[in-house]
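Observations on the three-dimensional arrangement
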Amino acid sequence: MEILETAAALQAQTETWRRAGHRIGFVPTMGALHEGHLQLVKAAAAANDVVVVSVFVNPTQFNNTEDFKLYPRVLDTDAEMLRATGCTVLFAPTPEQIYPRPTVLQFDFGPLERVMEGAHRPGHFNGVATVVSKLFHLVRPHRAYFGQKDWQQVAIVRQLVQDLSFDLELVAAPTVREADGLAMSSRNRRLAAEARASAPRLYQALQRAAQQLSAGPAAARAAAVAFLRDFPDIELEYLEVADAETLQPELQPGHAVVICLAAWLGGVRLIDNVVVAGRKEA
Ligand code: PAF
């Protein structure tokens, strides 16, 4: 595995691969890798000739400076994990490589970003779309891999790919969970013992909502919120029941339903979701 730090070196490498007819798989990350990331890398290695993994804590997608400062940065450990997982090139740029000049272009994804993460983290998806576009231009992948834990991010990137005609296949992989149900996340390593012990309640709340969905979205939401009320160390930021495609509260017949939440535990913000398949119409 090679580690590249400059945009020019990465572009030269991916150009060589393209000329040689290699299929390029790409896994964008912010590092502090866990099994969820590694499964994306393994899927990319199985379906492509070469795999690029980027590790870049993207400053423009953080609307909270403390969160950016505290985001775990463990590049040596990440590199060790990637070496064993089929990664061909680890791209680990400095901010200056990605942002030689401040960007001016603003993305607006309309209703898709007016809810959930977009509503609670102003500017977040503008930063995501900016960096993902830049990385797609540098890597020029045939396939790009994202985790469904960030359900709304996947929807936004799908729209980005469609609107800007990126010539790639977007692959979304299911959330990977710890044995107790907690969704794997780079932020989990910031949880103190007590918060870590409470964290599986988030998935349990989502499961309660999913069980109540046949009684309607309001009943589903109420069941999850009531469940979480018993755990005062969990501060719920939002819990939404939405159409899994449009992300809007109006559920379209036949569409899957996504139940998403964001919550704070001991100063750490976690998100999670479950998807319930759409029922066929009678
Ligand atoms: O999901 C993430 O880790 C980030 O949002 C991404 C896609 C790497 C862009 O910085």
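See the structure shown above.
Counting starts from 1 at the beginning of each chain's written sequence and moves along it residue by residue. The model is predicted, so local features are restricted to residues of pLDDT at least 70 and side-chain atom pairs to those at 80 or more, both for listing and for counting; the totals for chains, interfaces and linings are taken over all residues. The basis for the side-chain values is all heavy atoms of the structure; hydrogens and waters are excluded.

**Regarding the overall build of the protein**
Cut-off, in case you're wondering: We count a stretch as a helix when DSSP gives it H or I for four or more residues in a row; a strand needs E for two or more, and each element gets its number in order from the N terminus. Only heavy atoms enter the contact rule, under which two residues are in contact if any of them lie within 4.5 Å. For every accessible area listed, the method is Shrake-Rupley and the probe measures 1.4 Å; residues are considered covered only by the protein chains on display. The positive count covers Lys and Arg only, the negative count covers Asp and Glu only, and His and the chain ends enter neither. Taken as the charge centre is NZ of Lys, CZ of Arg, CG of Asp or CD of Glu, depending on the residue.
Of the regular secondary structure elements, the protein holds 11 helices and nine strands. Dimensions of the protein, computed from the C-alpha atoms along their principal axes, are close to 55 × 45 × 40 Å. Across the protein, every contact between residues at least 6 apart in sequence was considered, and the portion connecting residues at least 24 apart equals 70%. Roughly 13,300 Å² of accessible area belongs to the protein as shown, and the carbon and sulfur atoms make up 51% of that amount. Taking the 27 positively charged and 31 negatively charged side chains of the protein as two groups, their mean positions are separated by 1 Å.

**Some thoughts on the packing of aromatic side chains**
Quick note on the threshold: Side-chain rings of Phe, Tyr and Trp (the six-membered ring for Trp) are treated as a pair once their centres are within 6.5 Å; stacked means planes under 30 degrees apart, edge-to-face means over 60, and tilted covers the remaining angles. Relative accessibility decides the category of a residue: with a 1.4 Å probe and only protein chains considered, values under 20% of the type maximum give buried, values over 50% give exposed, and everything between is partly exposed. Lysine and arginine charges are scored as sitting over a ring when NZ or CZ, respectively, is within 6 Å of the ring centre and within 35 degrees of the ring normal.
In total, this model carries eight aromatic pairs according to the counting rule given. Measuring from centroid to centroid gives 5.7 Å for Phe62 and Tyr71, while their planes differ by 75°, and the two rings are edge-to-face. Taken as a pair, Phe62 and Tyr71 share a single burial class, namely buried. Three or more aromatic residues joined by ring pairs form one cluster here, namely Phe26, Phe136, Phe146 and Phe166. Looking at Arg73, its charged tip hangs above the ring of Phe68, at a distance of 4.8 Å from the centre. Lying across the ring of Tyr203, Arg177 places its NZ or CZ 3.6 Å from the centre.

**Structural notes on the sheet that holds strand β7 (residues 234-243)**
Threshold: Pairing between two strands requires that DSSP report at least two bridges joining them. Every angle, taken between N-to-C directions, lies between 0 and 180 degrees, and every axis is a line fitted to C-alpha atoms, over only the stretch in contact when it is a helix.
Here three strands make up an open sheet; going across it, the order is β7-β8-β9 and the pairing antiparallel. Here the strands that pair on one side only, and so sit at the sheet edges, are β7 and β9 (268-276). Neighbour-to-neighbour, the strand axes of this sheet turn through a mean angle of 15°, independent of strand direction. Pairing between strand β8 (residues 257-265) and β9: nine bridges, direction antiparallel. Counterpart to Val257 in the pairing with β9 is Val276. Running at roughly 165° to β7, helix α11 (residues 217-229) makes contact with β7 and β8 of the sheet.

**Some words on the sheet that holds strand β2 (residues 24-29)**
If you walk across this open sheet you meet the six strands as β1-β4-β3-β2-β5-β6, and the pairing is parallel. A single partner strand is all that each edge strand has here, and the edge strands are β1 (2-4) and β6 (169-173). Sheet twist, expressed as the average angle between the axes of neighbouring strands with direction ignored, equals 25°. Running at roughly 150° to strand β4 (residues 89-91), helix α1 (residues 7-19) makes contact with β1, β2, β3 (50-55) and β4 of the sheet. Running over the sheet, helix α8 (residues 151-163) touches β5 (143-147) and β6 and is turned about 175° from β6.

**Thoughts on the environment of Gln148**
With respect to the helices and strands, the residue Gln148 is situated in the loop between β5 and α8. What makes Gln148 partly exposed here is its relative accessible area of 21%. Between the C-alpha atoms of Gln148 and Gly36, which are 112 residues apart in sequence, the distance is 9.9 Å. For Gln148, the contacting residues outside a window of four places in its chain are Val154, Ala172, Ala173, Pro174, Thr175 and Asn273.

**A closer look at the site of the ligand**
Inclusion rule: Being near a molecule or strand, for a residue, means having at least one of its heavy atoms within 4 Å of it. Any pair of N or O atoms that falls within 3.5 Å is considered a polar contact. Within protein, one atom must be able to donate a hydrogen and the other to accept it, and sequence-neighbouring residues count only if both atoms are side-chain atoms. Lys, Arg, Asp and Glu make up the charged group, whereas Ala, Val, Leu, Ile, Met, Phe, Trp, Tyr, Cys and Pro make up the nonpolar group; the residues left over, Gly among them, are polar.
All residues in the neighbourhood of the ligand are listed as Pro28, Thr29, Met30, Asn58, Gln61, Val131, Phe146 and Gln153. Here Gln61 contributes a side-chain N or O atom positioned 2.6 Å from an oxygen atom of the ligand. With respect to the ligand, the side chain of Gln153 contributes an N or O atom lying 2.7 Å from an oxygen atom. With the chains in place, 89% of the 290 Å² that the ligand exposes on its own is no longer accessible. Per-class residue counts for the shell around the ligand are four nonpolar, four polar and no charged.

**Quick notes on the side chain of Thr130**
Relative to the elements of secondary structure, Thr130 occurs in helix α7 (residues 124-139). Once residues within four sequence positions are removed from consideration, Thr130 is found in contact with Tyr99, Thr103 and Phe107.

**Here's the deal with the pattern of salt bridges**
Put simply, the test is: Salt bridges, as used here, are contacts in which a Lys or Arg side-chain nitrogen is within 4 Å of a carboxyl oxygen on Asp or Glu.
Here the structure, examined in full by the defined rule, presents 15 salt bridges. As a salt-bridge pair, Arg121 and Glu117 come within 3.7 Å of each other at their nearest N and O atoms. Owing to a relative accessible area of 8%, Arg121 belongs among the buried residues under this scheme. Classification of Glu117 by relative accessible area gives buried; the value is 5%. Put simply, Arg143 and Glu169 hold a salt bridge, and the shortest N to O gap is 3.0 Å. Linking Arg143 in strand β5 with Glu169 in strand β6, this pair joins segments that are 26 residues apart in sequence. Several salt bridges converge on common partners, so that one network encompasses Asp67, Glu117, Arg121, Arg187, Arg190, Glu237 and Arg269.

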